[in-house]
Amino acid sequence: MRAWVNKLMDQCQCCAQGKDAKRSKDERRCCAIGRCCEQVPSRRTVQDARAVLRSALTNAMTEELITENVAGLVKVRSGRKRKREPWSVEEARTFLEAARKAGDPLYPAYVLILVLGFRRGGARAHMGQRESRRG
């Protein structure tokens, strides 16, 4: 059980589930072409998976199908902090162009976030101030 939890925390889910390999050959961009994207599940996702398994095994104990719930004995180790890589100028430009072309109503917020370096809460607060000034 502990080995399963540890493997789940460390294993790229794109590689494990063949997500990139299921794309057409022209659309493959990571794991299927040898560049692992390292899509490991979050600590919370692993905790939820363990909780579901623990619940199922508790039900099996109630039904007297098993004598011990091994999932209750395993703790999820603390997660690693992933270093977040900021977008390049080209990636940001591509994102903004796509949002503008799609007519995304949040396009102004995206511009603020990218140009001014706002975090989500800061952009929400700024947009809320603009709305209250109009009213």
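Residues numbered from 1 in each chain as written. Predicted model: local features only at pLDDT ≥ 70, side-chain atom pairs only at ≥ 80, totals over all residues. Heavy atoms only, no water.

Tell me what's going on with the nonpolar core, and back it up with residues and numbers.
Judged by nonpolar contacts, V5, L8, M9, V46, V74 and V76 together constitute the single largest core of six residues. Looking at this core element by element, the count peaks at three residues for helix α1 (residues 2–10). L8 has contacts with Q13, P41, V46 and A49, leaving out every residue within four places of it along the chain. (Core = buried A, V, L, I, M, F, W, Y, C linked by side-chain atoms within 4.5 Å. Buried < 20%, exposed > 50% of the residue type's maximum accessible area, 1.4 Å probe, protein only. Helix = DSSP H or I, 4+ residues; strand = E, 2+ residues; numbered from the N terminus. Contact = heavy atoms within 4.5 Å.)

Help me get a handle on helix α3 (residues 43–62), residues and values and all.
Taking 1.5 Å of rise per residue, the 20 residues of α3 would be expected to cover 28 Å, and the 28 Å separating its terminal C-alpha atoms lies within 8% of that figure. Buried within α3 we find V46, R50, L57 and A60. Projected down its long axis, α3 shows its buried positions confined to an angular sector of 75 degrees, all on one face. Along α3, the residues that are exposed and aim more than 90 degrees away from the buried face are R44, V52 and T62. Elements that come into contact with the buried residues of α3 comprise α1. (Expected span 1.5 Å × (residues − 1). Arc of directions from axis to C-beta.)

How would you summarise the pattern of salt bridges if you had to cite specific residues and measurements?
In total, this model carries three salt bridges according to the counting rule given. Among the ionic pairs, D20 bridges to R23, the shortest N-O distance being 2.4 Å. We note a salt bridge from E90 to R93, for which the minimum N-O separation is 3.4 Å. Here E90 and its partner R93 are both found in helix α4 (residues 89–101), three residues apart, which amounts to about one turn of the helix. E90 sits in the partly exposed class, given a relative accessible area of 47%. (Salt bridge = Lys/Arg side-chain N within 4 Å of Asp/Glu carboxyl O.)

Remember, this is a structural readout, not a statement about activity or role.
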